[in-house]
Amino acid sequence: MAEKNDRVVIHTDGSCLSNPGPGGWAAKLACKGKSRCVAGGFCLTTNNRMEIYAAIMGLEQLTRPCVVSLYSDSQYLCNAVEKKWLDNWHKNNWRKSDKKPVVNRDLWEKLSIQLERHSVKFHWIRGHAGNKDNEDVDLLARHWAQLGDLPDDPGYSGEQ
């Protein structure tokens, strides 16, 4: 979708019908006046997993390194990157400051790969506040969460 050093805007959202429960994720990518969405879901997962997964899947759509502005209504996701929690977790062998293991390590590791590949700035936006792109991905993520007959989330262990 994008050429090297293209500027791409990605809006992401995750949804869970109960937490844990059926979940969906969605990402809307925009570049050079064109946009497209990707989405999916799992039968048993958590909202936080879907938020992280949406960011990973949005970034994985890019075929070359890009400059990305990624918008999410998940403070957990945005803060983990922008406040360098993710860097610290990695340096501390995937342990938080309280020495407990980092939850969702499998997804944080996948996201880290994408963050090495692209130049990404995360922006937190308030959910359900009238931002059209955020509303679009919210609807799509909730739609997927409601589909039924979804695959298992291979990284969800139930120990969240």
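In case you missed it, the structure is sitting above this.
Residues numbered from 1 in each chain as written. Predicted model: local features only at pLDDT ≥ 70, side-chain atom pairs only at ≥ 80, totals over all residues. Heavy atoms only, no water.

### Here we look at the pattern of salt bridges
- Overall, the coordinates contain nine salt bridges when judged by the stated rule.
- The shortest N-O distance in the salt bridge between arginine 49 and aspartate 153 comes to 2.8 Å. Remark: aspartate 153 occurs in the segment after α5 (132–145) and arginine 49 occurs in helix α1 (residues 47–60); sequence separation between them is 104 residues. Summarising the burial analysis for this pair, arginine 49 and aspartate 153 share the class buried.
- One salt-bridge network, held together by shared partners, links Lys28, Lys132, Asp133 and Asp136. (Salt bridge = Lys/Arg side-chain N within 4 Å of Asp/Glu carboxyl O. Helix = DSSP H or I, 4+ residues; strand = E, 2+ residues; numbered from the N terminus. Buried < 20%, exposed > 50% of the residue type's maximum accessible area, 1.4 Å probe, protein only.)

### Remarks on the layout of surface pockets
- Here the largest pocket defines a volume of roughly 280 Å³.
- Surrounding the largest pocket, 13 residues form its lining, Val81, Leu86, Asp87, Ser112 and Leu115 being those nearest its centre.
- Those elements that provide at least two residues to the lining of the largest pocket are α2 (75–82), α3 (85–91) and α4 (105–117).
- At four residues, α4 tops the list of elements feeding residues into the lining of the largest pocket. (1 Å grid on protein atoms, 1.4 Å probe; cavity = no way out; pocket = protein on both sides within 12 Å on 5 of 7 lines; lining within 4 Å. Points joined across faces, edges and corners; volume = space filled by probe spheres on them.)

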